[in-house]
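Chain and residue survey
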Amino acid sequence: MDAGAARFTGRDPGYIYTRLGNPTIRMLEDKVAAMEGGFGALATASGMAAVTTAYFSLLSAGDHMVGTRAIYGTSRVIMETEFSRLGVTSTFVDSTDLDAVERAITPRTRLLYIETPSNPVLQVTDIAGCARIARTHGIPLGVDNTFCSPYLQRPIEHGADFIVHSATKFLNGHSDVVGGILVAGCEEIYKRLRPRLISFGAIRDPHQARLVLRGVKTLP
(Lines give C-alpha, C1' and ligand atoms only; values in the text may rest on other atoms or scores of the structure.)
Protein backbone atom coordinates (compact mmCIF):
# COMPACT_ATOMS: atom_id res chain seq x y z
CA MET A 1 0.00 0.00 0.00
CA ASP A 2 2.86 2.37 0.77
CA ALA A 3 4.36 1.75 -2.67
CA GLY A 4 0.99 2.35 -4.35
CA ALA A 5 0.41 5.55 -2.40
CA ALA A 6 3.87 6.81 -3.31
CA ARG A 7 3.25 6.21 -6.98
CA PHE A 8 -0.22 7.76 -7.07
CA THR A 9 1.04 10.90 -5.30
CA GLY A 10 4.00 11.20 -7.67
CA ARG A 11 6.72 10.53 -5.08
CA ASP A 12 7.66 7.31 -6.86
CA PRO A 13 7.84 7.42 -10.70
CA GLY A 14 7.03 3.72 -11.11
CA TYR A 15 4.25 2.30 -13.27
CA ILE A 16 0.63 2.34 -12.05
CA TYR A 17 -1.78 2.03 -14.94
CA THR A 18 -1.13 1.54 -18.65
CA ARG A 19 -2.85 4.75 -19.77
CA LEU A 20 -0.41 6.61 -17.52
CA GLY A 21 2.65 4.59 -18.42
CA ASN A 22 3.82 1.12 -19.38
CA PRO A 23 7.34 -0.33 -19.65
CA THR A 24 6.88 -1.69 -23.19
CA ILE A 25 5.37 1.58 -24.42
CA ARG A 26 8.15 3.49 -22.67
CA MET A 27 10.78 1.36 -24.39
CA LEU A 28 9.35 2.34 -27.79
CA GLU A 29 9.12 6.00 -26.79
CA ASP A 30 12.72 6.08 -25.57
CA LYS A 31 13.91 4.31 -28.72
CA VAL A 32 12.24 6.77 -31.14
CA ALA A 33 13.25 9.79 -29.03
CA ALA A 34 16.87 8.63 -29.24
CA MET A 35 16.60 8.07 -33.00
CA GLU A 36 15.23 11.60 -33.47
CA GLY A 37 17.56 13.25 -30.98
CA GLY A 38 14.61 14.48 -28.90
CA PHE A 39 14.00 15.01 -25.19
CA GLY A 40 11.22 12.43 -25.03
CA ALA A 41 8.49 10.75 -27.04
CA LEU A 42 4.85 9.75 -26.65
CA ALA A 43 3.42 6.72 -28.41
CA THR A 44 -0.15 7.20 -29.64
CA ALA A 45 -2.94 5.02 -30.98
CA SER A 46 -2.60 6.39 -34.53
CA GLY A 47 -0.81 9.06 -36.49
CA MET A 48 -3.87 11.27 -36.25
CA ALA A 49 -3.95 10.77 -32.48
CA ALA A 50 -0.46 12.28 -32.45
CA VAL A 51 -1.53 15.21 -34.64
CA THR A 52 -4.67 15.88 -32.60
CA THR A 53 -2.74 15.71 -29.32
CA ALA A 54 -0.30 18.32 -30.63
CA TYR A 55 -3.14 20.61 -31.74
CA PHE A 56 -5.00 20.34 -28.43
CA SER A 57 -1.80 20.84 -26.42
CA LEU A 58 -0.51 23.91 -28.23
CA LEU A 59 -3.64 25.75 -29.41
CA SER A 60 -6.51 27.45 -27.58
CA ALA A 61 -9.66 29.31 -28.62
CA GLY A 62 -8.69 32.44 -30.55
CA ASP A 63 -5.34 31.06 -31.65
CA HIS A 64 -4.16 30.69 -35.25
CA MET A 65 -2.04 28.02 -36.93
CA VAL A 66 -0.03 28.15 -40.16
CA GLY A 67 0.39 24.83 -41.94
CA THR A 68 1.62 23.19 -45.12
CA ARG A 69 -1.03 23.36 -47.85
CA ALA A 70 -0.12 19.90 -49.18
CA ILE A 71 -0.15 18.33 -45.71
CA TYR A 72 -1.66 14.90 -45.00
CA GLY A 73 -5.36 15.43 -45.71
CA THR A 74 -6.86 14.63 -42.32
CA SER A 75 -4.32 16.84 -40.53
CA ARG A 76 -5.87 19.73 -42.42
CA VAL A 77 -9.49 18.55 -42.36
CA ILE A 78 -9.60 18.17 -38.59
CA MET A 79 -8.22 21.68 -38.16
CA GLU A 80 -10.68 23.27 -40.58
CA THR A 81 -13.76 21.33 -39.47
CA GLU A 82 -13.30 20.43 -35.80
CA PHE A 83 -10.85 22.90 -34.30
CA SER A 84 -12.58 25.76 -36.11
CA ARG A 85 -15.65 24.93 -34.00
CA LEU A 86 -13.52 25.54 -30.93
CA GLY A 87 -12.40 28.97 -32.14
CA VAL A 88 -9.05 28.04 -33.66
CA THR A 89 -8.29 29.47 -37.12
CA SER A 90 -5.75 28.28 -39.64
CA THR A 91 -3.99 29.26 -42.85
CA PHE A 92 -2.45 26.65 -45.15
CA VAL A 93 0.23 27.88 -47.54
CA ASP A 94 2.84 26.54 -49.93
CA SER A 95 5.48 26.02 -47.25
CA THR A 96 8.19 25.53 -49.88
CA ASP A 97 7.89 29.33 -50.25
CA LEU A 98 9.32 30.80 -47.04
CA ASP A 99 8.02 34.24 -47.92
CA ALA A 100 4.49 32.79 -48.04
CA VAL A 101 5.03 31.24 -44.63
CA GLU A 102 6.23 34.54 -43.20
CA ARG A 103 3.29 36.46 -44.66
CA ALA A 104 0.79 34.01 -43.15
CA ILE A 105 2.01 34.63 -39.57
CA THR A 106 -0.31 36.89 -37.54
CA PRO A 107 -0.18 38.22 -33.96
CA ARG A 108 -2.52 35.35 -33.04
CA THR A 109 -0.39 32.60 -34.59
CA ARG A 110 0.69 30.06 -31.98
CA LEU A 111 1.91 27.16 -34.12
CA LEU A 112 3.74 26.54 -37.40
CA TYR A 113 3.16 22.96 -38.53
CA ILE A 114 4.73 21.54 -41.67
CA GLU A 115 5.08 18.18 -43.36
CA THR A 116 8.15 17.45 -45.43
CA PRO A 117 8.23 15.60 -47.71
CA SER A 118 4.47 16.03 -47.79
CA ASN A 119 1.95 13.22 -48.28
CA PRO A 120 1.23 12.41 -51.06
CA VAL A 121 2.83 14.98 -53.40
CA LEU A 122 6.31 14.91 -51.80
CA GLN A 123 6.86 18.67 -51.67
CA VAL A 124 10.02 19.49 -49.71
CA THR A 125 10.02 22.35 -47.19
CA ASP A 126 13.11 24.01 -45.71
CA ILE A 127 12.90 22.98 -42.04
CA ALA A 128 15.70 25.28 -40.88
CA GLY A 129 14.13 28.20 -42.76
CA CYS A 130 10.76 27.58 -41.09
CA ALA A 131 12.51 27.24 -37.72
CA ARG A 132 14.03 30.69 -38.15
CA ILE A 133 10.60 32.15 -38.89
CA ALA A 134 9.06 30.37 -35.91
CA ARG A 135 11.81 31.60 -33.57
CA THR A 136 11.39 35.17 -34.79
CA HIS A 137 7.72 35.06 -33.83
CA GLY A 138 8.18 33.04 -30.65
CA ILE A 139 6.08 30.07 -31.75
CA PRO A 140 6.82 26.32 -31.88
CA LEU A 141 7.56 24.50 -35.11
CA GLY A 142 6.13 21.02 -35.59
CA VAL A 143 7.23 18.68 -38.39
CA ASP A 144 5.51 15.56 -39.71
CA ASN A 145 8.52 13.34 -40.41
CA THR A 146 6.59 10.24 -41.46
CA PHE A 147 7.87 9.93 -45.01
CA CYS A 148 11.59 10.28 -44.30
CA SER A 149 11.72 8.74 -40.82
CA PRO A 150 14.70 9.53 -38.56
CA TYR A 151 16.82 7.27 -40.75
CA LEU A 152 16.87 9.96 -43.46
CA GLN A 153 15.88 13.18 -41.66
CA ARG A 154 16.06 14.47 -38.07
CA PRO A 155 14.04 17.71 -37.91
CA ILE A 156 15.01 18.60 -34.33
CA GLU A 157 18.59 19.04 -35.56
CA HIS A 158 17.24 21.70 -37.95
CA GLY A 159 15.27 23.61 -35.31
CA ALA A 160 11.94 21.76 -34.99
CA ASP A 161 10.31 21.79 -31.55
CA PHE A 162 8.39 18.57 -31.99
CA ILE A 163 7.95 15.78 -34.53
CA VAL A 164 4.95 13.71 -35.56
CA HIS A 165 5.11 10.22 -37.02
CA SER A 166 2.50 7.90 -38.37
CA ALA A 167 4.19 4.74 -37.08
CA THR A 168 1.81 2.84 -39.38
CA LYS A 169 4.24 3.62 -42.20
CA PHE A 170 8.04 3.30 -42.11
CA LEU A 171 8.67 3.03 -38.37
CA ASN A 172 6.63 -0.17 -38.26
CA GLY A 173 7.34 -1.23 -41.81
CA HIS A 174 5.32 -4.45 -41.81
CA SER A 175 1.80 -3.15 -42.66
CA ASP A 176 0.27 -4.79 -39.57
CA VAL A 177 0.09 -1.92 -37.06
CA VAL A 178 -1.72 1.42 -36.82
CA GLY A 179 0.04 3.91 -34.56
CA GLY A 180 1.68 7.26 -34.08
CA ILE A 181 4.56 8.88 -32.23
CA LEU A 182 5.13 12.42 -30.92
CA VAL A 183 8.73 13.44 -30.23
CA ALA A 184 9.37 16.57 -28.16
CA GLY A 185 12.59 18.45 -28.70
CA CYS A 186 12.66 19.85 -25.14
CA GLU A 187 11.16 19.26 -21.71
CA GLU A 188 8.79 22.24 -21.97
CA ILE A 189 7.06 20.88 -25.07
CA TYR A 190 6.98 17.36 -23.60
CA LYS A 191 5.22 18.63 -20.49
CA ARG A 192 2.59 20.34 -22.64
CA LEU A 193 1.93 17.25 -24.75
CA ARG A 194 1.89 14.42 -22.20
CA PRO A 195 -1.04 15.48 -19.95
CA ARG A 196 -3.39 15.86 -22.94
CA LEU A 197 -2.47 12.48 -24.35
CA ILE A 198 -3.12 10.82 -20.99
CA SER A 199 -6.41 12.65 -20.48
CA PHE A 200 -7.72 11.89 -23.97
CA GLY A 201 -6.68 8.24 -23.68
CA ALA A 202 -5.19 8.12 -27.18
CA ILE A 203 -2.30 5.95 -26.04
CA ARG A 204 -0.60 3.08 -27.81
CA ASP A 205 -1.43 -0.47 -26.83
CA PRO A 206 1.60 -2.32 -25.31
CA HIS A 207 1.37 -5.23 -27.74
CA GLN A 208 1.26 -2.83 -30.68
CA ALA A 209 4.26 -1.02 -29.17
CA ARG A 210 6.15 -4.31 -29.19
CA LEU A 211 5.33 -4.79 -32.86
CA VAL A 212 6.61 -1.32 -33.72
CA LEU A 213 9.79 -2.03 -31.75
CA ARG A 214 10.22 -5.09 -33.92
CA GLY A 215 9.72 -2.97 -37.03
CA VAL A 216 12.19 -0.29 -35.94
CA LYS A 217 14.94 -2.93 -35.93
CA THR A 218 14.55 -3.28 -39.71
CA LEU A 219 14.18 0.45 -40.46
CA PRO A 220 17.39 0.63 -42.54
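Predicted model, so just to flag it, every value in this text is computed and none were measured.

**Details of the nonpolar core**
The tendency in soluble globular proteins is for nonpolar side chains to be buried side by side. Formed by 27 residues in total, the largest nonpolar core has its most connected members in Y55, M65, M79, L111, Y113, F162 and L182. When contributions to this core are tallied by element, the ones reaching two or more residues are α3 (47–58), α4 (73–81), β4 (109–115), β6 (162–166), β7 (180–184) and α8 (187–200). Other than its neighbours up to four places away in sequence, F162 contacts A54, L58, L111, Y113, L141, G142, V143, L182, V183, A184, G185 and I189. The next biggest cluster of nonpolar side chains, apart from the first, holds 20 residues, and it includes A43, A167, V177 and L219.

**Describing unusual backbone geometry**
Cis peptide bonds are those with omega within 30 degrees of zero, and the linkage from T116 to P117 qualifies with -10°. On the secondary structure map, P117 appears in the loop between β4 and α6 (127–137). Between N119 and P120 the backbone carries a cis peptide bond, its omega angle lying at 10°. The topology assignment puts P120 in the loop between β4 and α6. At S149, a residue that is not glycine, the phi angle is positive and equals roughly 70°.

**Points about the pairing of strand β1 (residues 40–44)**
Among the 5 residues in β1, 5 count as buried, and that is most of the element. Covered by surrounding structure in β1 are G40, L42 and T44 together with A41 and A43, the residues of both alternating faces. Where β1 and β7 come together, 5 bridges link them in antiparallel fashion. Residue pairing in the sheet places G40 in a bridge with A184 of β7.

**Here's the deal with α3**
For α3, spanning 12 residues, the distance from its first C-alpha to its last is 17 Å, which sits close to the expected 16 Å at 1.5 Å a residue. For α3, the buried fraction is high: 11 of the 12 residues fall into the buried class. Those residues of α3 lying buried are G47, M48, A49, A50, V51, T52, T53, A54, Y55, S57 and L58.

**Section: α4**
Residues that lie three or four places apart on an α-helix share one face, since the helix turns once every 3.6 residues. Within the span of α4, buried status applies to S75, I78 and M79. Looking straight down α4, one finds that the buried residues subtend no more than 100° of arc, so they occupy a single side. Contact partners of the buried residues in α4: α3, β2 (64–68) and β3 (89–93).

What counts as what
Residues numbered from 1 in each chain as written. Predicted model: local features only at pLDDT ≥ 70, side-chain atom pairs only at ≥ 80, totals over all residues. Heavy atoms only, no water. Core = buried A, V, L, I, M, F, W, Y, C linked by side-chain atoms within 4.5 Å. Buried < 20%, exposed > 50% of the residue type's maximum accessible area, 1.4 Å probe, protein only. Helix = DSSP H or I, 4+ residues; strand = E, 2+ residues; numbered from the N terminus. Contact = heavy atoms within 4.5 Å. Pairing = 2+ DSSP bridges. Expected span 1.5 Å × (residues − 1). Arc of directions from axis to C-beta.

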